[in-house]
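# Inside the fold
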Amino acid sequence: RAPAGTDAIWRLERRADGFAIRACDDRRQLALDLVLTTDRPVVLQGPGGYSLKSADGEAASQYYSYTRLEVAGTVANGGRSVPVDGTAWMDREFSSSQLRPHQSGWDWFCLQLDDGRDLMLYRLRDRNGGVDFALGTLIAADGTVTYLTADDFTARSQRIWRSPATSAPYPVEWELELPAENLRLTVRALLDDQENVSQHSGVYYWEGAAAVSGQQGAPAGGPATSVDGPATSVGGKGYIELTGYGEGSRPPI
């Protein structure tokens, strides 16, 4: 397998309505030439963009997102260029802090629902696999932001996939619930094997695309109707990141 590398300049250009990306790997004959545009405002993930990562306030990041970017352009593979279009989500997060000593990793979700809402959730796990700290953001179709605490949502693993490469057990299907919104979602990986394994550092984790389905208006454990009327179906797409699964797998940051 040819090593990665290129003599060309990779470019990420900020524009008034979005971004332009041009990048290539000549040795592997891969290239991206994309324009991403949005008419939605930036979402600050936490008040002022300050996103806590521990209950003691000692760990945090600066974090913002563009949750709906319309994408158009080309992707080249093996010298063949293919036109592409779709919807993207861009995150920018930076921090000088690390996981707390008692934390082992995190489960992170970004979801674009078909009704125009967007949802970001994350849970940091303790050494026993329990939830140590969790926060989220629900973005309405009009851009209104609601910040969520650990009491506002639950995330339950429904199915485990074990990596043949690292033996790490990853939860690749989830049930998410936001009781105050009467919202229940099932999030399933589009492919089980979306594990990333670094050949240099040995770090491994799972991140990849997912499909979203569920119901709006059905209370947990109750019938598919509520005081607001019958439940309606909810669909969408998303992305999941899972770290700290497997023997000795603890992310460095």
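Let us look at the structure shown here. (Residues numbered from 1 in each chain as written. Predicted model: local features only at pLDDT ≥ 70, side-chain atom pairs only at ≥ 80, totals over all residues. Heavy atoms only, no water.)

## Digging into the overall build of the protein
Stated formally: Runs of E in the DSSP output that reach at least two residues are strands. Runs of H or I that reach at least four are helices, and both are numbered from the N terminus. Atoms considered for the radius of gyration are the C-alpha atoms alone. The globule rule reads 2.2 Å times the number of residues to the power 0.38. The buried label goes to any residue with under 20% of its type's maximum accessible area, the exposed label to any with over 50%, and the partly exposed label to all in between, with areas taken from a 1.4 Å probe on protein chains only. Residue exposure ignores everything except the shown protein chains as possible cover, and the areas themselves are Shrake-Rupley values with a 1.4 Å probe. For the purpose of charge, His is not counted, nor are the chain termini; Lys and Arg are scored as positive and Asp and Glu as negative. In plain terms, the charge of a residue is placed at NZ if it is Lys, CZ if Arg, CG if Asp and CD if Glu.
Along the backbone of the protein there are 0 helices and 19 strands. Here the C-alpha radius of gyration of the protein, 19 Å, is about what a compact globule of 253 residues would show, namely 18 Å. In terms of overall dimensions, the protein has C-alpha extents of about 60 × 40 × 35 Å along its principal axes. Within the protein, buried positions represent 40% of all 253 residues. Entry remark: accessible area of the protein is about 13700 Å², with carbon and sulfur atoms responsible for 52%. For the protein, the distance from the average position of its 24 positive side-chain charges to the average position of its 33 negative side-chain charges is 4 Å.

## Overview of the pattern of salt bridges
Side chains carrying opposite charge are able to pair once their charged atoms draw close together. As a reminder of what qualifies: Salt bridges, as used here, are contacts in which a Lys or Arg side-chain nitrogen is within 4 Å of a carboxyl oxygen on Asp or Glu.
If you walk through the whole model with that rule in mind, you get 14 salt bridges. One salt bridge in this structure joins aspartate 107 and arginine 125, with 2.9 Å as the shortest N-O distance. Of this pair, aspartate 107 sits in strand S8 (residues 103-113) while arginine 125 sits in strand S9 (residues 118-126), and the two are 18 residues apart along the sequence. Residue aspartate 107 shares its accessibility class with arginine 125, and that shared class is buried. In this structure, arginine 188 engages glutamate 173 in a salt bridge whose closest nitrogen and oxygen atoms are separated by 3.4 Å. Of this pair, arginine 188 sits in strand S14 (residues 183-189) while glutamate 173 sits in strand S13 (residues 169-178), and the two are 15 residues apart along the sequence. For glutamate 173, a relative accessible area of 17% puts it in the buried group. Three or more residues joined by partner-sharing salt bridges are found here, namely Arg159, Glu173, Arg188 and Asp192.

## Some remarks on unusual backbone geometry
Unusually for a residue other than glycine, glutamine 29 sits at a positive phi of about 55°. Inspection of the secondary structure assignment puts glutamine 29 in the loop between strand S2 (18-25) and strand S3 (30-37). Backbone geometry places asparagine 182, a non-glycine residue, at a positive phi of 50°. On the secondary structure map, asparagine 182 appears in the loop between S13 and S14.

## Overview of the pairing of S13
Our working rule: Should DSSP find at least two bridges between two strands, the strands are regarded as paired.
Most of S13 is tucked away: 8 of the 10 residues are buried. Bridge count for strand S12 (residues 154-162) against S13 is 8 bridges, and the pairing is antiparallel. Each residue of the ladder has a partner; that of serine 157, found in S13, is tryptophan 174. The antiparallel hairpin formed by S12 and S13 contains 6 residues in its connecting segment, where serine 167 sits at a positive phi of about 65°. The sheet contact formed by S13 and S14 spans 6 bridges and is antiparallel. The residue of S14 that forms the bridge with leucine 178 is leucine 183. What sits between S13 and S14 in their antiparallel hairpin is a turn of 4 residues, with asparagine 182 showing a positive phi close to 50°.

## Structural notes on the layout of surface pockets
This is how the line gets drawn: Lining residues are defined by having an atom within 4 Å of a point belonging to a cavity or pocket. Those points lie on a 1 Å grid over the protein atoms alone, cavities being sets where a 1.4 Å probe fits but cannot get out and pockets being open sets with protein on both sides within 12 Å along at least five of seven lines. Grid points are joined across faces, edges and corners, and a volume is the space filled by probe spheres set on the points. Asp, Glu, Lys and Arg are counted as charged, while Ala, Val, Leu, Ile, Met, Phe, Trp, Tyr, Cys and Pro are counted as nonpolar; the rest, among them Gly, fall into the polar class.
By volume, the second largest pocket amounts to about 350 Å³. Surrounding the second largest pocket, 14 residues form its lining, Ile21, Leu34, Leu36, Val71 and Ala88 being those nearest its centre. When residues of the lining of the second largest pocket are assigned to their parent elements, the largest contribution, 7 residues, is made by strand S7 (residues 80-94). When its residues are assigned to classes, the lining of the second largest pocket shows 11 nonpolar, 2 polar and 1 charged.

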